[in-house]
Amino acid sequence: MGKLTVRALRAVLVVVLVGTAFVQALMVWTLVSGSDPEDGSLPLTALRVMTTLGMVSVQVAVVCVWRLVAMVRRGTVFSHAAFRYVDGVIGAIVAAALVWFAVTGINAPGQRDDPGVTVIMGGVGVAILGVALLVLVLRMLLAQAVARDVEAARMQAELDEVI
């Protein structure tokens, strides 16, 4: 991974992290200050809590990706230590999907005239879970690469003994 790519990715990660922290701060401020203009048409308090939880899942994923990028830079990504961060990304994506399903459930009663919105939102939640499955497949590929790396190191050590 080139220096420019790493810097660009890290810049994007910083923007996402700062943006999610800003949204969280606004949601918490609105909830704590009591200036919630809820008129009863939507359960805004519940949606604000879900938004805050969703931002936490995004932040966990950003931190894990940051750590994986650091491992790529050092050339240590093909190690067992990387699994912890990949598992963190998978968990964050699953958590985001669960939060999205909760938001869909909160929003559903207001969509009685147009239930298609709820179906579309449910489909988006399934798509989010699909991303988690995709990352799980990539984790399996990483596991194969780590196993092959370990095997290559073992064979190199045996060859060094023979020579």
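Cut-offs used in this document
Residues numbered from 1 in each chain as written. Predicted model: local features only at pLDDT ≥ 70, side-chain atom pairs only at ≥ 80, totals over all residues. Heavy atoms only, no water. Helix = DSSP H or I, 4+ residues; strand = E, 2+ residues; numbered from the N terminus. Expected span 1.5 Å × (residues − 1). Buried < 20%, exposed > 50% of the residue type's maximum accessible area, 1.4 Å probe, protein only. Contact = heavy atoms within 4.5 Å. Salt bridge = Lys/Arg side-chain N within 4 Å of Asp/Glu carboxyl O. Phe/Tyr/Trp six-rings, centres within 6.5 Å; stacked < 30°, edge-to-face > 60°. Lys NZ or Arg CZ within 6 Å of the ring centre and 35° of its normal. Axes fitted to C-alpha atoms, helices over the stretch in contact; angles between N-to-C directions. Parallel < 35°, antiparallel > 145°, perpendicular 65-115°, else oblique. Patch = residues over 30% accessible without salt bridge, like charges linked within 9 Å, V, L, I, M, F, W, Y side chains within 5 Å. Areas by Shrake-Rupley, 256 points an atom, 1.4 Å probe, with all protein chains shown as cover. Left-handed = near helix turned anticlockwise from the far one by under 90°. Nonpolar A, V, L, I, M, F, W, Y, C, P; charged D, E, K, R; others polar. Core = buried A, V, L, I, M, F, W, Y, C linked by side-chain atoms within 4.5 Å.

Turning next to helix α1 (residues 3–33). Its 31 residues give α1 an end-to-end C-alpha distance of 44 Å, which sits within 8% of 45 Å, the value for a rise of 1.5 Å per residue. Within the span of α1, buried status applies to Val-6, Leu-13, Thr-20, Gln-24, Met-27 and Thr-30. In this structure, the buried residues of α1 make contact with α2 (44–74).

Before going further, it helps to examine the pattern of salt bridges. Summed over the entire model, instances satisfying the criterion amount to three salt bridges. Glu-158 is paired through a salt bridge with Arg-154; the nearest N and O atoms lie 2.3 Å apart. Placement of both Glu-158 and Arg-154 in helix α4 (residues 116–162) is noted, with a separation of four residues, approximately one turn of the helix. Judged by relative accessible area, which is 40%, Glu-158 ranks as partly exposed. Several salt bridges share partner residues, and in doing so they unite Glu-151, Arg-154 and Glu-158 into one network.

To continue, consider the packing of aromatic side chains. Within the structure shown, the criterion is met by zero aromatic pairs. Between the NZ or CZ atom of Arg-10 and the centre of the ring of Trp-66, over which it lies, the distance is 4.8 Å.

Right, let's talk about the packing of helix α3 (residues 81–107) against α4 for a bit. Across the interface, α3 lies against α4 with an axial gap of 9 Å and an inter-helix angle of 170°. With respect to their mutual orientation, α3 and α4 come out roughly antiparallel.

A few words on a nonpolar patch on the surface. Taken together, the side chains of Val-28, Leu-31, Val-32, Val-49 and Leu-53 define a hydrophobic patch exposed on the protein surface, amounting to about 390 Å² of accessible area. Put simply, the parts of the chain that give the nonpolar patch at least two residues each are α1 and α2. Assessed through its relative accessible area of 36%, Val-49 is described here as partly exposed.

Following both chains from N to C, one finds α1 and α2 inclined at 160°, their axes separated by 9 Å at the closest point. When the interaxial angle is binned, α1 and α2 end up roughly antiparallel. You can see that α1 and α2 cross each other, and the crossing is left-handed. Here the residues of the contact of α1 with α2 sort into 20 nonpolar, seven polar and four charged.

Along the chain, the position of Val-62 falls in helix α2. Between the C-alpha atom of Val-62 and that of Val-77, which follows or precedes it by 15 residues, the distance is 16 Å.

Further remarks concern α4. Look at α4: 69 Å from first C-alpha to last across 47 residues, which is about the 69 Å you get at 1.5 Å a residue. Those residues of α4 not exposed but buried are Met-121, Gly-122, Gly-125, Ala-132, Val-135, Leu-142 and Val-146. On its buried side, α4 packs onto α3.

Here we take up the nonpolar core. Counting 15 residues, the largest nonpolar core has Leu-68, Met-71, Ala-82, Val-86, Val-135 and Leu-142 as the members making the most contacts within it. At seven residues, the largest contribution of residues to this core is made by α3. Residues contacting Val-135, with those up to four places away along its chain left out, are Val-86, Val-89, Ile-90 and Ile-93. Counting residues in hydrophobic clusters, the runner-up holds five residues, among them Leu-47, Met-50, Val-99 and Val-103.

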